[in-house]
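Examination of the molecular architecture
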Amino acid sequence: MADTKREIERKFEFPELPASNGDQPRLPDLTAVPGIAGVADQGVVDLDAVYYDTPDLRLDAGSLTLRRRTGGADAGWHLKIPVAKDVRDEVRAPLSDEPPAELTALLRSRVRDSRLVPVVRLLSSREVRHLLADDDTVLAELSIDTVRAQGLLEGAAGTAWTEIEVELADGVHDESILDGVERQLRKAGIRPATSASKVARALRETAPARPGEDSETARTTEPAPGTAGAEVLGYLRRQRDALLAHDPAVRRDLPDAVHQMRVATRRLRSAFKSYGKVVDRAVTDPVGDELKWLAAELGVDRDREVLDQRLRSHLKAVPRTLLLGPVRARLRVWSAARSAGTRRRTVDVLDGGRYLALLTALDALLADPPLRAAAARPAAEVLPKAVLKEYRRLAGRTDTALALAPGHERDLALHGARKAAKRARYAAEAATPALGKPAKKFAKRVKAVQSLLGDHQDSVVARETLRLLAAQAHAAGESAFTWGLLYGREEAAAAWGERELPEVWARAAKAKLRRRLRATGS
């Protein structure tokens, strides 16, 4: 059974010195760091780790590491997944001859139809020191690792180096300790490591050149910097990377992971549509259709989660005297019935051939992008026009919705306006690196419209559910009063949002802001 450990650490390396220059810099006195009262020597341990990757090093490209390590207190299989700068989750499994299924499942979106093979072996002699508080509590562990690496791919060489790792102890989250240690190490001439991990450094120094790194085999279709093609492709690749990065988190059922993965699919699909003059929609539309399918599949679990949280929050705000009948129990039963199977279904989708084929198609599209003539033009000329086109689409839908009388037809029209707001916002976000402040401000204003319309749509869905729960309560002989009360509150909230929309929309539609955005392309 795999378990997980959160690592918050920093790596450092000694400078390369000429042989005549003598010894490496010494470790400084770390008790000078605020909060560190002592340093306790824990001895030396020998570690033997074999790292696995695909033959074309897909895990390395995604900053993921999979190793089988012996020696030390945590021998076994370790999968390290980046979370943030200096933060990784280490998912562990017991020793076995082959990579364990519970870890390889988390790598399926990267490995796909390839295979995992040994790519490098690291032999490390580790000197361990504990950094202690004044009550002898362990704040962090400092290791000086003397590393010998041997590449295991054909034609690979060997290398060696010494580095320092400083990792916060379990339960310690104060990164000021790491900041203080880093300051002391820098004063001693020891610098942050240039590689995020040992295996990354080992592969860089020992492995043969990767396919595609030769200038002769470099992309011939890559647009020039500053062009519309370069900006749009950069955005698309970042969203593809986000999609892949969130996949393991969804499989691990981490909070907000489904939502973030779904957002990446929507941003990709929106960009294909908004920037159809840059990338050919005849090629991107089929991939966009598959992204729409994936977003819908991910939405089954996400929409249930959002609705459940909304209803629980509303019930929590109701005074006890107005909670008539077993309303909390009924909501729990309803939620459990809806959630049954959704988790398994999501994982089945991610394990399925259709999803993996989508990822392969997306990679192929971005490796050889279907660029149109506008891709070679300056980004500041092409991108504002695309953003303003999405604005006009949003304006039409918003004006149509506001002209309708309150009711079902207006609810549908407002939902359509919400979708248009998302697309306009994503188009502006994609253009922000090139267009700067006007696009960033426009995206912020449109996001406010999207949020208001999103809350309105959530209210529409919530009211449908509350009516169902009231009917079920009534049929069971329970009071339906509380469900009716919540229905009325949702109705009032939706009406308030509809009254606020003209003002929020007016801020987003401000002529001065549109002129500034248009001026960036003049």
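Up top you'll find the structure we're talking about.
Presented here is a report on the structure given in the accompanying data block. (Residues numbered from 1 in each chain as written. Predicted model: local features only at pLDDT ≥ 70, side-chain atom pairs only at ≥ 80, totals over all residues. Heavy atoms only, no water.)

**Examining the overall build of the protein chain**
Rules: Under the DSSP-based scheme used, a helix requires at least four consecutive residues in state H or I and a strand at least two consecutive residues in state E, with every element numbered from the N terminus. For the charge count, each Lys or Arg is scored as positive and each Asp or Glu as negative, with His and the chain ends excluded. A charge is said to be at NZ when it belongs to Lys, at CZ for Arg, at CG for Asp and at CD for Glu.
Within the protein chain one finds 16 helices and nine strands. Principal-axis analysis of the C-alpha atoms gives the protein chain an extent of 85 × 65 × 45 Å. For the protein chain, the separation between the mean place of its 87 positive charges and that of its 74 negative charges on side chains is 9 Å.

**Details of the side chain of serine 195**
For clarity, the cut-off: Burial classes follow relative accessibility: with a 1.4 Å probe on protein chains only, a residue under 20% of its type's maximum area counts as buried, one over 50% as exposed, and anything between as partly exposed. Within 3.5 Å is the distance limit for a polar contact, defined as a pair of N or O atoms, with the added protein rule that one can donate a hydrogen and the other accept it, and that residues adjacent in sequence qualify only through two side-chain atoms. Contacts: residue pairs with any heavy atoms within 4.5 Å of one another.
As for its position among the elements, serine 195 is in the loop between β9 (191-192) and α5 (198-206). According to the relative accessible area criterion, serine 195 is buried, its value standing at 10%. One polar contact links serine 195 to arginine 204, side chain to side chain, over a distance of 2.3 Å. With near-sequence residues (within four places) excluded, serine 195 lies in contact with Lys11, Ala200, Arg201 and Arg204.

**Considerations on the packing of aromatic side chains**
Any pair of aromatic rings gets described here by the distance separating the centres and the angle formed by the planes. Going by this rule: In this analysis, rings of Phe, Tyr and Trp, with Trp reduced to its six-membered ring, are considered paired at centre separations within 6.5 Å, and the interplanar angle assigns stacked below 30 degrees, edge-to-face beyond 60, and tilted for intermediate values.
By the definition in use, this model includes three aromatic pairs. When the ring of tyrosine 52 is compared with that of tryptophan 77, the centres are 5.1 Å apart and the planes differ by 55 degrees; the resulting orientation is tilted. Of this pair, tyrosine 52 sits in strand β2 (residues 38-53) while tryptophan 77 is found in strand β4 (residues 76-84), placing the two residues 25 residues apart along the sequence. Look at tyrosine 52 and you get buried, because its relative accessible area is 12%. A relative accessible area of 0% places tryptophan 77 in the buried class. Both rings, one in tyrosine 391 and one in phenylalanine 442, keep their centres 6.2 Å apart while their planes meet at 70 degrees; by these two values the pair is edge-to-face. Of this pair, tyrosine 391 sits in helix α12 (residues 379-403) while phenylalanine 442 sits in helix α14 (residues 437-475), and the two are 51 residues apart along the sequence. You can call tyrosine 391 buried: its relative accessible area is 10%. Among the aromatic side chains, those forming a connected cluster through ring pairs are Tyr391, Phe442 and Trp505.

**Observations concerning the pairing of β2**
Inclusion rule: Criterion used throughout: strands pair if DSSP finds at least two bridges between them.
Pairing of β2 with strand β6 (residues 117-132), which is carried by 14 bridges, proceeds in the antiparallel orientation. What sits directly across from tyrosine 52, in β6, is proline 118. Note: β2 against strand β3 (residues 65-70), five bridges, orientation antiparallel. Residue alanine 49 lies in a different strand from β3, and its bridge partner there is arginine 69.

**Remarks on empty space enclosed by the protein**
Which entries qualify depends on this criterion: A cavity here means a set of 1 Å grid points, computed over protein atoms only, where a 1.4 Å probe fits but cannot escape. A pocket is an open set with protein on both sides within 12 Å along at least 5 of 7 lines, and lining residues have an atom within 4 Å of a point. Grid points are joined across faces, edges and corners, and a volume is the space filled by probe spheres set on the points. Here the nonpolar group is Ala, Val, Leu, Ile, Met, Phe, Trp, Tyr, Cys and Pro; Asp, Glu, Lys and Arg are the charged ones; every other residue, Gly included, is treated as polar.
By the definition in use, this model includes two cavities of 30 Å³ or more. One number sums up the size of the largest cavity: a volume of about 40 Å³. Lining the largest cavity are Tyr51, Tyr52, Asp53, Leu59, Asp60, Leu64, Thr65, Leu66, Val119, Val199 and Leu203. Within the residue set of the lining of the largest cavity, elements represented by two or more residues are β2, α1 (58-61), β3 and α5. A breakdown of the residues in the lining of the largest cavity according to their chemical character gives eight nonpolar, one polar and two charged. Listed by contribution, the elements that provide at least two residues to the lining of the second largest cavity are β1 (3-13) and α5. By residue class, the composition of the lining of the second largest cavity is one nonpolar, three polar and five charged.

**Quick look at the packing of helix α9 (residues 327-339) against α14**
Inclusion rule: In this analysis an axis means a line fitted to C-alpha atoms, helices contributing only their contacting stretch, and an angle means the value between N-to-C directions, from 0 to 180 degrees. Each helix crossing is assigned a hand: it is left-handed if the near helix lies turned anticlockwise from the far helix by less than a right angle, otherwise right-handed if that turn is clockwise.
α14 packs onto α9 with a crossing angle of 115 degrees between their chain directions and a minimal axis gap of 11 Å. For the pair α9 and α14, the crossing hand works out as right-handed. Together, Arg330, Leu331 and Trp334 of α9 and Thr465, Leu469, Gln472 and Ala473 of α14 make up the contact between the two elements. When its residues are assigned to classes, the contact of α9 with α14 shows four nonpolar, two polar and one charged.

**Re the nonpolar core**
Which entries qualify depends on this criterion: What we call a nonpolar core is a set of buried Ala, Val, Leu, Ile, Met, Phe, Trp, Tyr and Cys residues that are connected through their side-chain atoms within 4.5 Å.
With 72 residues, the main nonpolar core has Tyr275 and Leu383 as its most contacted residues. If one sorts the elements of this core by residue count, helix α13 (residues 408-435) sits on top with twelve residues. Residues contacting leucine 383, with those up to four places away along its chain left out, are Ala228, Glu231, Val232, Tyr275, Ala431, Ala434 and Leu435. Core analysis: the second largest hydrophobic core is formed by 23 residues, Ile144, Ala169, Leu178 and Ile190 among them.

**Re the environment of alanine 49**
The residue alanine 49 is located in strand β2 in this model. By relative accessible area, alanine 49 is classed as buried at 4%. Alanine 49 sits 74 residues away from leucine 123 along the chain, and the two C-alpha atoms are 6.5 Å apart.

**A few points about the pattern of salt bridges**
Filter applied, for reference: Whenever Lys or Arg places a side-chain nitrogen within 4 Å of a carboxyl oxygen from Asp or Glu, that contact is recorded as a salt bridge.
One pass over the full model with this rule turns up 55 salt bridges. Two residues, glutamate 9 and arginine 88, come together in a salt bridge whose shortest N-O distance is 2.9 Å. One end of the pair, glutamate 9, is in strand β1; the other, arginine 88, is in strand β5 (residues 87-93), with 79 residues separating them in the sequence. With a relative accessible area of 5%, glutamate 9 lands in the buried category. Residue glutamate 429 pairs with arginine 267 through a salt bridge whose shortest N-O separation is 3.4 Å. Of the two residues, glutamate 429 sits in helix α13 while arginine 267 sits in helix α7 (residues 257-274), which places them 162 residues apart along the sequence.

**Examining helix α4 (residues 176-187)**
Put simply, the test is: Take the number of residues in a helix, subtract one, and multiply by 1.5 Å to get its expected span.
Taking 1.5 Å of rise per residue, twelve residues should cover 16 Å, and α4 covers 17 Å from first to last C-alpha, within 8% of that figure. If you follow the buried residues of α4, they end up packed against β1, β6, β7 (138-151), β8 (158-168) and β9. Downstream of α4 by one or two residues, glycine 189 has phi in the positive range, about 85 degrees.

**Details of unusual backbone geometry**
Positive phi, normally seen in glycine, also occurs at aspartate 136, with a value near 70 degrees. Phi at aspartate 253 takes a positive value of approximately 60 degrees, unusual for a residue other than glycine. Tracing the backbone shows aspartate 253 in the loop between α6 (228-251) and α7. Its relative accessible area of 48% is what places aspartate 253 among the partly exposed residues.

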